[in-house]
Amino acid sequence: MNQYKGNVLKAMMMLFAMSFALAGTATLSSCSSDDDPFFTVSEDDNPRILNTDLADKKLVRKTKLNLEIKVTPVHYTTVTWLLDGKQIAEGTTFDQTLPLGDHELKIVATTTKNKTTSRTLKVTVTPAADDPALGTNASEFWVAPGEETTIHKCSNLGTITKVFVGGKEVAFEILEEGTAMKLTAPADLENGDYAIMLVDGDGVEFPGGTIKVTSEPKPSMENVLWEGHHYVSWELGDGDPNKSFNLITKDQVAKWKEGQTLRVYCSMKDDDAYHQIKLATGRWTDLTSPYEFGEGNVVKFELTQDALDKMAAEDGFICVGHGYYVDKVTIE
């Protein structure tokens with residue numbers, strides 16, 4: 001009887017062991033079945049840029065552009081950064097300032113098998129508040145080869161150490177506490193339009209616009225404010241329309257800007273005993289000294305902020321004097 005019980009117990013233990021072994025085999029089979037997919041990344045794969053948030057950018061010059069690129073296959077891919085076709089960085093992160101202007105930033109991912117993909121962004125970089133800048137008076141950007149021109153209404157020129165026109169370094173002088181620049185155009189440039197580049201002491205470049213270097217005569221850029229034949233004599237009585245020339249309106253004067261040139265074209269009244277003209281405010285405050293009549297008879301007055309302030313406070317602009325006609329008034 002005891003022998004029978006022992007045999008039964010051995011048989012049950014064998015069945016239990018076989019069940020456990022079969023369960024383990026089934027588990028292993030479920031983890032390593034030949035039918036299941038097996039994923040891997042290799043250098044033979046095509047590269048992909050995974051970022052979904054890349055978009056055109058607009059930033060101030062002193063603000064760094066910060067981007068991080070995610071690529072695959074990451075261990076076999078190099079990322080390069082090209083600004084307007086020129087490589088400026090390498091790596092998956094980018095953190096630097098860019099020069100002023102509109103640019104094309106191209107991000108290129110290349111695998112060890114020379115497979116590539118890319119993304120392109122437009123980046124606009126605007127000037128910082130304290131960046132150097134030249135004025136915009138078109139007549140001042142027209143100069144003959146080897147000649148000088150002075151550009152007014154500039155700003156922040158105190159840091160400029162070099163100026164280039166068409167890639168050639170030129171002589172220059174900063175005037176009027178950094179608000180004007182006199183430069184000399186290269187004598188050996190052919191007639192054409194050339195970029196001005198300003199460079200500060202740190203080597204940072206600032207576009208200064210385009211200058212026309214040409215031997216052709218400068219075209220007139222005057223805007224006619226009034227034209228006619230108006231006699232002037234301060235010897236006439238008060239209330240006489242010819243006691244002064246006051247036909248330029250206050251609204252016209254309000255549009256004038258510092259650095260513009262006001263011209264008054266005159267002709268003499270031959271039978272008058274003397275001839276004198278002065279420019280003045282509406283309250284007869286002198287803006288110029290008496291003009292000596294002669295060849296051309298054009299009074300040329302470069303507007304200053306002080307003169308503009310006086311005209312704004314004292315009822316605008318008039319011409320006073322004796323023995324002449326005002327034939328035309330222009331602003332440039």
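Predicted, not measured: the structure shown is a model, and the values here were computed from it. The written sequence of each chain sets the order in which its residues are numbered from 1. Per-residue local features of the predicted model are confined to residues with pLDDT of at least 70, and side-chain atom pairs are confined, for both listing and counting, to 80 or more; whole-chain, interface and lining totals are unaffected and use all residues. Only heavy atoms go into the side-chain values, all of them from the structure, while hydrogens and water stay out.

### With respect to the sheet that holds strand β13 (residues 168-169)
Reasoning step 1: Note on pairing: two strands pair once DSSP finds at least 2 bridges between them. Only DSSP runs of H or I with at least four residues qualify as helices, and only runs of E with at least two residues qualify as strands; both kinds are numbered from the N terminus onward. In space, the five strands of this open sheet follow the order β10-β17-β16-β12-β13, with mixed pairing throughout. Single-partner strands in this sheet number two, and they are β10 (142-143) and β13.
Reasoning step 2: Relative to strand β17 (residues 205-213), β10 runs parallel, the two sharing two bridges. Counterpart to W142 in the pairing with β17 is K212.

### Considering the layout of surface pockets
Reasoning step 1: Looking at the largest pocket, its volume works out to about 290 Å³.
Reasoning step 2: In this analysis, the protein atoms alone were mapped onto a 1 Å grid. Cavities are point sets where a 1.4 Å probe fits without being able to get out; pockets are open sets with protein on both sides within 12 Å along at least five of seven lines; lining residues have an atom within 4 Å of a point. Lining the largest pocket are 19 residues, with S139, E140, K218, T261 and E332 positioned closest to its centre.
Reasoning step 3: Elements supplying a minimum of two residues to the lining of the largest pocket: β11 (148-151), β19 (261-268) and β21 (298-302).
Reasoning step 4: Ranked by residues supplied to the lining of the largest pocket, first place goes to β11 with three residues.
Reasoning step 5: Class assignment for the residues of the lining of the largest pocket results in three nonpolar, eight polar and eight charged. Grid points are joined across faces, edges and corners, and a volume is the space filled by probe spheres set on the points. In this count, Pro and Cys sit with the nonpolar residues alongside Ala, Val, Leu, Ile, Met, Phe, Trp and Tyr, while Asp, Glu, Lys and Arg are called charged and the others, Gly among them, polar.

### What to know about the side chain of E314
Reasoning step 1: Its location among the elements puts E314 in the loop between α3 (305-313) and β22 (317-331).
Reasoning step 2: Reaching out from E314, the side chain makes a polar contact with the side chain of T285 at a distance of 2.6 Å. N or O atoms closer than or at 3.5 Å make up a polar contact, with two conditions inside protein: a donor-capable atom paired with an acceptor-capable one, and, for residues adjacent in sequence, both atoms drawn from side chains.

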